[in-house]
There are 2 protein chains.
Amino acid sequence: MVDTANTPSTLQLFPYEDRPGWKGYVEWEARPDRKEIVRELLKGKEFTPDPEFQFVPLPTTNPVLIGDRWKEYHEVVGLRSIVDVSWEVVQKEKADMIHLLDFPYNGETKREHLLEKLTDNKHHFVRNHGGVPDIDEDAFELEIGGFVHRSVKLSLKDLKDETKFPQSEVTVTIQCSGTRRIEQIQQYPGEGDDLINAPWGEGAIGTAVYRGVPLKKVLKHACGGVLPECEHLEFIGADTYFKKGEVYNYAVSAPWRKVRASEEVLLAWEMNGEPLPKIHGGPLRVVVAGYIGARSCKWVYKINALAEPSMGPVQQQEYLYYTSQIGKQNHKFSNGFSIQDMPVSSAILYPLDKTVVIHDGVINLRGWAYSGGGCWVERVEVSPDGGHVWYAVQPDDLTEKHYYAWRLWKIELPVDAEGWLEFCVRTWDSHCNTEPTFVRSAWNWDLHVTSSCHRIKVYSVNKSKPATAQRLQALESRGIPFMPLTKPLEFPLEDTQDYLASLRKYPREPKN
Amino acid sequence: MVDTANTPSTLQLFPYEDRPGWKGYVEWEARPDRKEIVRELLKGKEFTPDPEFQFVPLPTTNPVLIGDRWKEYHEVVGLRSIVDVSWEVVQKEKADMIHLLDFPYNGETKREHLLEKLTDNKHHFVRNHGGVPDIDEDAFELEIGGFVHRSVKLSLKDLKDETKFPQSEVTVTIQCSGTRRIEQIQQYPGEGDDLINAPWGEGAIGTAVYRGVPLKKVLKHACGGVLPECEHLEFIGADTYFKKGEVYNYAVSAPWRKVRASEEVLLAWEMNGEPLPKIHGGPLRVVVAGYIGARSCKWVYKINALAEPSMGPVQQQEYLYYTSQIGKQNHKFSNGFSIQDMPVSSAILYPLDKTVVIHDGVINLRGWAYSGGGCWVERVEVSPDGGHVWYAVQPDDLTEKHYYAWRLWKIELPVDAEGWLEFCVRTWDSHCNTEPTFVRSAWNWDLHVTSSCHRIKVYSVNKSKPATAQRLQALESRGIPFMPLTKPLEFPLEDTQDYLASLRKYPREPKN
C-alpha cells in the first residue's frame, strides 16, 4: 500500500540506534522536531486498513493477524529494521505461542502451558505496542526526573547494587486487560483500534517471580524522595508507538500513592530466575503488581514524577472503560475511566469449549482465578448447569495464596446429565467481589476486562447410563468412533419390532 | 469418492422413466427386489462425508452446501440423470434463491421476498428430500388403497372434475421445521443427518393460495369412505429417498382425524393461481395445512389408508422432537415425538442481525408471525431490550388473520439507548401460547422447530443526542463514513484542553 520509493530520504532521518548499544530505540518524547517530521510523513498517506475480524470468523493461521499497517508506519519513517529485528526476537524467545499479531507482537500462551503456577518465560504471554529494542545491558541507563528532590541517572549496575537498594522477589500475575476479549467480540464487535485490539482467549495472563528493586526505594535513596507536587509516576519505554498519525515513545503512569503503598511496584531485571527476556522488556521493566499489564512499562529508560497522569496516548486515550452504551458515535477520552487495578476474574482451561466428554458421571475441570489490586482469590465455584448450582473448589485443589498472583484450581464435578451442558466458573476475592454473570453484563466498547463468568459448552456422554453404554457398545462393535459428534450414524438406531412395540404402548395420538 | 467405472452394470438396472411420461420416477415401495439390489450396491461403499458446517463457519458461497454424498448414491444405482435434471429445474424455477443445498434441493427465500403476504412461487422456499420428478400431467394417476371401501385410480382430470369433487382454495403457510435452525446450530451443534440438516435462517417459510380438492371429499366420493381400521393416511411421493443404505419413495402420513376434521388437507394442483411448479410437487401434492411442511407430500401418486403411522423413514425416523439431553449417545426413533402441528413462532426480518442503525429515536422493524394447527396469530410483541419491555404491534400493522397462514407485522419502536441493543419478538396465538424465551429453552438434537423468541443485535446510533450529532458532523466534515463500525477513527476524539479540564474536574483518583 505504501510506495517506499517515494520516501528514500527518510531512510537516514532517524537513527536505528539512538544511543550506542541501544538498537531499535529512537527518542521521540524529547524531540518534538522529529515528531513533527513524522506527522508530516504520515499525513495523507494511505495505509493498509486493519483486517475486519470482528464481524467475520478469525483466520485459522498462525500468526492469526498481520500488522501490515504498523509495519508500513515504520517503513515510511525509515525504521523497517525495527519490524524485522522484532520478529527475529519473537522466533528466538517465543517460538511456541499462539501468535495473535505478528507486529507489534502479541502472543498468547497455549492452554497446556497455563497449568503450572509459574509460567515459563518462553510461554508467558506478550502484548507489545511497538517493536522490540535490543539494548546492551552495560550501556543501559535509567533517568529519573520531574518532581523529585534530585534528578538522577542510574546504570543497571547501580540498580543491582544491594548496598544502595534493597531487592525484592515478588510472585506476580500480569494480565492484559484484553484477556478473554474474544468472548466480547463474539457477542458484539467493538472498537477497532489502530493497533489491532487482539482477539485474546484465556491465555493473555501469566505468572512469574520477578526480581528487582522497589521503585519507592529508588525514589527515596537515589532521588531523596519526591516533591509534594508528585502525584503520578510516568514510565517511558524505549519502544516506538504510533497513534492517529503521531509518533511517541511508550508512556504510562501509576499514582504515587500506589508506588508508595506497596513494595510491588518493581524495577525488575529478572524473571523466574533468568535475566529478563528482551521481549518482556529486558534489560529493565516496571512491574506494577495488581494493575493492568499495560502499566508495567517495558524497556523503561525514563521515569518522570508528575502532578497529573501521563499524557501519553496509552494512558490518556486507551485502556479506558466505557459504559456499554458509549461507542464510536460518542466516545471521548474523558468519558471512559482508566483501567488500573484489575477486577476478579477466572477461566476454565479444560475441557475446551465445544468438546465431547465421555465420562462415568464425573467431569474434571481446571483453570485459573485471579484478582488484582492486592486482593487475593478466596473461593472458586464451578457450575455444571449454566450458573444455577455452584460447586466450590476444595482448598487442597487451589494453589497457594499470593497478594499479587493467581490461584490455579481443579475440580471433579458430578455430572449426571447428557447432551450439551454449559459449565461456568466464578471467583470470590478477599473483598467478597465476584464476577458479572454474562458477557453482556460488562461488555464495553473498548472490549477490555472480560471479567464475566467464563462459560464453556461441553457435550456430555455419561456412559454410566444404560442406554448410552449400549449405544457406545454398538459403535465399538462396528468400529465406528463417537466423534465427530455431527457425523450421522449409518446403522438403524432401533429394531423395527421394538419401535412398533413402543408405538403401540405409547401411541402417537390420543385414542379418544 | 465413488468409482462409477466399477458399477457399469447398474446403468440399466432401474428405469429413469418407470411409467411413460413419468421421468425421474422409480418405483421402490412396490418393488422389494429393487430395494435389495440397491442395498447390496451401497453396502461397504465409501461416499464423500457430508461437510462439517456446524462446528465451523458456513461457506459464503451459493450454493452454500454441496450434496456430494447424495449425488453419489444416485450415481452408484445408475440414476445420475435425476441429479442433473433436478438442477435444471432449480435453475428454471428457483434462480433467485439462497441455495442452501444443491441436491436434494434446499432453497431459502431471500428476506426481501418475504415482505409480501403471499410469497411468489419463484421465491417460495423449497425443502426437497430427493430429485425432482418430471411427470406429464396427462399421464399422471393417483392411486388410493388400504383401509378404504373401494381402491381407486384417479387421473388429474378426474380430480379436477368439479361434478365429482368440490374444490377449495386455501391460504396456507408452509414452514419447514428447520426454520431458523441456524440459531440452534450457532449455540450447539446437533444431528448431522445423512441428508444434510440444512442451516436455514428465517426464510424456510412461505405463504400461498393453494387450489385443489379436500382429501376427505375424495375418500368419501371416490372410495366410499374409509374402513374402521383406518387411523392414518399415508402419502407416497414419486421422488427417490435414501436412508442409512436403503432406498425408498418418499412416504409420510397424517392422522385420519386431521384429514376428516378439516377441509385443509388438500390434494392441490394450483399455487397462487398458477399450475403447481414442478419443484413444489407438480402436478399434484398434498397440502396438510397447519402441519410441518414435510407432511405435505409432493408428487403424491399413492395414498394408503393405514391403521398406524407410515413406516417410511421420514415419518418414523425423522422430524422427531427429542429432549435437549437426548442425542447421538442415546436417541432412538421411539424416544422422540413426531412433529406434526407447528407451534407459534415469529421472526424479525428487518433490520438484519448485527447492523448499525442511525436513527432519530425510532427504529422500524418488520417480520412474520405464525402458528400451526389451525391456531392464528393474535398478538405480536417486540422488545428493544432483550426481552424486558415488550411493545405490542398495532392491529393495523398486522396483515389479516387466517386459520392456516402467517401474519406479517411492522412496528415503529421508540429507541433511546445507543450501542449494541438486542431486539426480540414474541407472538401469542389464539390458544394463548407464546414462544420460549431463549434458543436453549427449546434446543433439541435434531435441530427442529426453533420456536424461541427471535433475537437480533442492532448497533443503535441515536442522532437526536447532542454528543452523537456532534460526532456524526465531525465525520461528515472530514468525509469519513460511520461504517464499518470497527474501523477506528483516525482523528483525535477530544481536544487536549477539554480533556485536561475534565480530568481536573473529575480526577482519576480520590483526593484523600
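Residues numbered from 1 in each chain as written. Chains lettered and ligands numbered in written order. Predicted model: local features only at pLDDT ≥ 70, side-chain atom pairs only at ≥ 80, totals over all residues. Heavy atoms only, no water.

**So, the UniProt feature "domain: Oxidoreductase molybdopterin-binding" (unreviewed entry) in chain A**
Going by this rule: UniProt positions are given in the numbering used here, feature names are shortened, and annotations may be inferred rather than shown by experiment. Helical segments are the DSSP runs of H or I of at least four residues, strand segments are the runs of E of at least two, and each set is numbered from the N terminus.
With numbering aligned to this structure, UniProt lists the feature "domain: Oxidoreductase molybdopterin-binding" (unreviewed entry) at residues 129-312 of chain A. Taken as a whole, residues 129-312 of chain A contains 15% helix and 39% strand, while its terminal C-alpha atoms sit 13 Å from one another.

**Points about the interface of chain A and chain B**
The accessible area lost on association of the parts is a frequent measure of interface size. Our working rule: Throughout, a residue-residue contact means that at least one pair of heavy atoms, one from each residue, lies within 4.5 Å. What counts as buried area is the accessible surface, traced by a 1.4 Å probe, that two parts surrender upon association, with contributions from both included. Any Lys or Arg side-chain nitrogen found within 4 Å of a carboxyl oxygen on Asp or Glu counts as a salt bridge. Within 3.5 Å is the distance limit for a polar contact, defined as a pair of N or O atoms, with the added protein rule that one can donate a hydrogen and the other accept it, and that residues adjacent in sequence qualify only through two side-chain atoms.
Across the contact, 72 residues belong to chain A and 72 residues belong to chain B. Carbon and sulfur atoms supply 55% of the area that chain A and chain B bury against each other, a total of about 6,500 Å² over both sides. The largest share of the area that chain A buries against chain B comes from Lys 328, Gln 329 and Trp 420 of chain A, three residues that together contribute 13% of it. Run the count over chain A and chain B and you get four salt bridges. One salt bridge connects Arg 504 of chain B with Glu 308 of chain A, and the closest N-O pair in it is separated by 2.6 Å. Our count for the chain A to chain B interface comes out at 46 residue pairs in polar contact (both at pLDDT 80 or more). Elements that contribute at least two residues to the side of chain A that touches chain B include exactly helix H5 (181-187), strand S17 (337-338), strand S24 (419-429), strand S25 (454-462), helix H9 (466-478) and helix H10 (496-505) of chain A.

**So, the sheet that holds strand S15 (residues 300-306) of chain A**
All names here are of chain A. Defined as follows: Paired strands are those between which DSSP finds at least two bridges. The axes are straight lines fitted to the C-alpha atoms, using for helices just the contacting stretch, and the angles between their N-to-C directions are given from 0 to 180°.
With mixed pairing, the five strands of this open sheet are ordered in space as S7-S6-S15-S10-S11. The two strands at the open ends of the sheet, each matched to only one other strand, are strand S7 (152-155) and strand S11 (246-255). Across the sheet, the mean angle from the axis of one strand to that of its neighbour is 25 degrees, orientation sign disregarded. Pairing between strand S10 (residues 232-243) and S11: nine bridges, direction antiparallel. The residue bridging Phe 235 from the neighbouring strand is Val 252, located in S11. Lying over the sheet, helix H6 (residues 215-223) contacts strand S6 (141-146), S7, S10 and S15, oriented at roughly 120 degrees with respect to S7.

**A look at the environment of Gln 54 of chain B**
Short version of the rule: Working definition: with a 1.4 Å probe on protein chains only, accessible area under 20% of the residue-type maximum means buried, over 50% means exposed, and in between means partly exposed.
In this structure, Gln 54 of chain B sits in the loop between helix H1 (32-42) and helix H2 (68-76). Accessibility expressed as a relative area gives 6% for Gln 54 of chain B, which makes it buried. Once the C-alpha coordinates of Gln 54 of chain B and Tyr 188 of chain B are considered, the two residues, 134 residues apart in sequence, prove to be 8.1 Å apart. When residues no more than four places from it in sequence are discounted, the contact partners of Gln 54 of chain B are Thr 486 of chain A together with Ile 185, Pro 189, Gly 190, Glu 191, Gly 192 and Leu 447 of chain B. Of the polar contacts made by the side chain of Gln 54 of chain B, one reaches the backbone oxygen of Glu 191 of chain B; its length is 3.3 Å.

**A closer look at the relation of the copies chain A and chain B**
This is how it is decided: Superposition of the copies used a least-squares fit over C-alpha atoms from residues whose pLDDT is at least 70 in both.
Rotating chain A by 180 degrees about the axis while translating it 0.0 Å along that axis superimposes it on chain B, leaving an RMSD of 0.1 Å. Overall, the copies show the geometry of a two-fold rotation axis. Considering only C-alpha atoms, the residue of chain A closest to the rotation axis is Pro 57 of chain A, which sits at 3.6 Å. Both copies present the same face, since 100% of the interface residues in chain A are matched by interface residues at the equivalent positions in chain B.

**Some words on the UniProt feature "domain: Moybdenum cofactor oxidoreductase dimerisation" (unreviewed entry) in chain A**
The feature "domain: Moybdenum cofactor oxidoreductase dimerisation" (unreviewed entry), as given by UniProt, occupies residues 338-459 of chain A in the numbering adopted here. The distance from the first to the last C-alpha atom of residues 338-459 of chain A is 40 Å, and the span holds 0% helix and 45% strand.

**A short note on helix H2 (residues 68-76) of chain A**
Residues and elements named next belong to chain A. Most of H2 is tucked away: seven of the nine residues are buried. Looking at H2, one finds that the buried residues are Arg 69, Trp 70, Lys 71, Glu 72, Tyr 73, His 74 and Val 76. Buried-residue contacts for H2 involve helix H1 (32-42), helix H3 (80-93) and S10.

**Quick look at the domain arrangement of chain A**
All names here are of chain A. We count it as follows: Note that the domain bounds reflect an automated or database-derived domain assignment.
In terms of domain boundaries, chain A breaks down into domain 1 (4-319) and domain 2 (339-512). On a C-alpha basis, the centroid separation for the pair domain 1 and domain 2 is 37 Å. Listed per partner, the contact involves 42 residues of domain 1 and 39 residues of domain 2. Carbon and sulfur atoms supply 55% of the area that domain 1 and domain 2 bury against each other, a total of about 3,600 Å² over both sides. Its largest share of buried area at the contact with domain 2, domain 1 owes to Lys 117, Arg 180 and Gln 184, together 20% of the area lost on that side. Linking Lys 117 and Glu 400 is a salt bridge whose minimum nitrogen-to-oxygen distance equals 3.0 Å. Across the domain 1-domain 2 interface, the total number found is 28 residue pairs in polar contact (both at pLDDT 80 or more). Of the residues forming the side of domain 1 that touches domain 2, the biggest block, five residues, is contributed by H5.

**Brief notes about the sheet that holds strand S4 (residues 126-127) of chain A**
Sheet strands line up and pair through hydrogen bonds in the backbone, either parallel or antiparallel. Residues and elements named next belong to chain A. If you walk across this open sheet you meet the three strands as S2-S3-S4, and the pairing is antiparallel. One side of each edge strand has no neighbouring strand; the edge strands of this open sheet are strand S2 (98-101) and S4. By the bridge criterion, two bridges tie strand S3 (residues 106-108) to S4 in an arrangement that is antiparallel. Each residue of the ladder has a partner; that of Gly 107, found in S4, is Val 126.

**So, the packing of aromatic side chains**
In plain terms, the rule: Planes of paired rings set the category: under 30 degrees apart is stacked, over 60 is edge-to-face and the rest tilted, where pairs are Phe, Tyr or Trp rings (Trp by its six-membered ring) whose centres lie within 6.5 Å. Whether a charge sits over a ring depends on NZ of Lys or CZ of Arg being within 6 Å of the ring centre and within 35 degrees of the ring normal.
With the rule as written, the count across this model stands at 44 aromatic pairs over all chains. With centroids separated by 5.7 Å and ring planes inclined at 75 degrees, the aromatic side chains of Tyr 188 of chain A and Trp 443 of chain A adopt a geometry described as edge-to-face. Taken together, the residues span a long stretch of sequence, with Tyr 188 of chain A in the loop between H5 and strand S9 (205-214) and Trp 443 of chain A in the loop between S24 and S25 at a distance of 255 residues. Classification of Trp 443 of chain A as buried rests on a relative accessible area of 4%. Note on Trp 70 of chain B and Tyr 241 of chain B: the rings are 5.4 Å apart at their centroids and 45 degrees apart in plane angle, and the pair reads as tilted. Pair noted here: Trp 70 of chain B is in helix H2 and Tyr 241 of chain B is in strand S10 (residues 232-243), with a separation of 171 residues, a long-range link. One aromatic cluster in this structure is built from Phe 47, Trp 70, Tyr 73, Tyr 241, Phe 242 and Tyr 250 of chain A. Positioned above the aromatic ring of Trp 22 of chain A, the side-chain terminus of Arg 19 of chain A is 4.3 Å from the ring centre.

**Some details on the pairing of strand S12 (residues 265-271) of chain B**
Residues and elements named next belong to chain B. In terms of residue burial, S12 counts as a mostly covered element, since six of its seven residues are buried. Where strand S9 (residues 205-214) lies against S12, five bridges are found, and the strand directions are antiparallel. Paired with Gly 212 across the strands is Ala 268, a residue of S12. The pairing of S12 with strand S14 (residues 285-288) spans four bridges and is classified as antiparallel. What sits directly across from Leu 267, in S14, is Val 286. In this sheet, strand S13 (residues 274-275) lies alongside S12 in antiparallel orientation, the contact comprising two bridges. When the bridges of S13 are listed, Glu 270 appears paired with Pro 275. Between S12 and S13, which follow one another and run antiparallel, lie two residues, and Asn 272 among them has a positive phi close to 55 degrees.

**Remarks on the side chain of Thr 427 of chain A**
Residues and elements named next belong to chain A. In this fold, Thr 427 is placed in strand S24. Among the residues examined, Thr 427 registers a relative accessible area of 0% and is labelled buried. Of note is the side chain of Thr 427, whose polar atom sits 3.1 Å from the side chain of Ser 346. With residues near it in sequence (within four places) discarded, Thr 427 still touches Val 344, Ser 345, Ser 346, Ala 369, Val 377, Arg 379, Val 380, Asn 433, Thr 434 and Glu 435.

**Side note on the pattern of salt bridges**
On inspection of all chains with the given rule, the structure shows 56 salt bridges over all chains. One salt bridge connects Lys 110 of chain A with Asp 96 of chain A, and the closest N-O pair in it is separated by 2.7 Å. Within this pair, whereas Lys 110 of chain A is found in the loop between S3 and S4, its partner Asp 96 of chain A is found in the loop between H3 and S2, the two being separated by 14 residues in sequence. We classify Lys 110 of chain A as partly exposed; its relative accessible area is 24%. With a relative accessible area of 31%, Asp 96 of chain A lands in the partly exposed category. Here Lys 243 of chain B and Glu 318 of chain B are joined by a salt bridge, their closest N and O atoms 2.7 Å apart. Taken together, the residues Lys 243 of chain B in strand S10 and Glu 318 of chain B in the loop between helix H8 (313-316) and strand S16 (320-321) connect sequence positions 75 residues apart. The class of Lys 243 of chain B is buried, set by a relative accessible area of 5%. Bridged by salt links that share partners, the residues Glu 36, Arg 39 and Glu 246 of chain A form one connected network.

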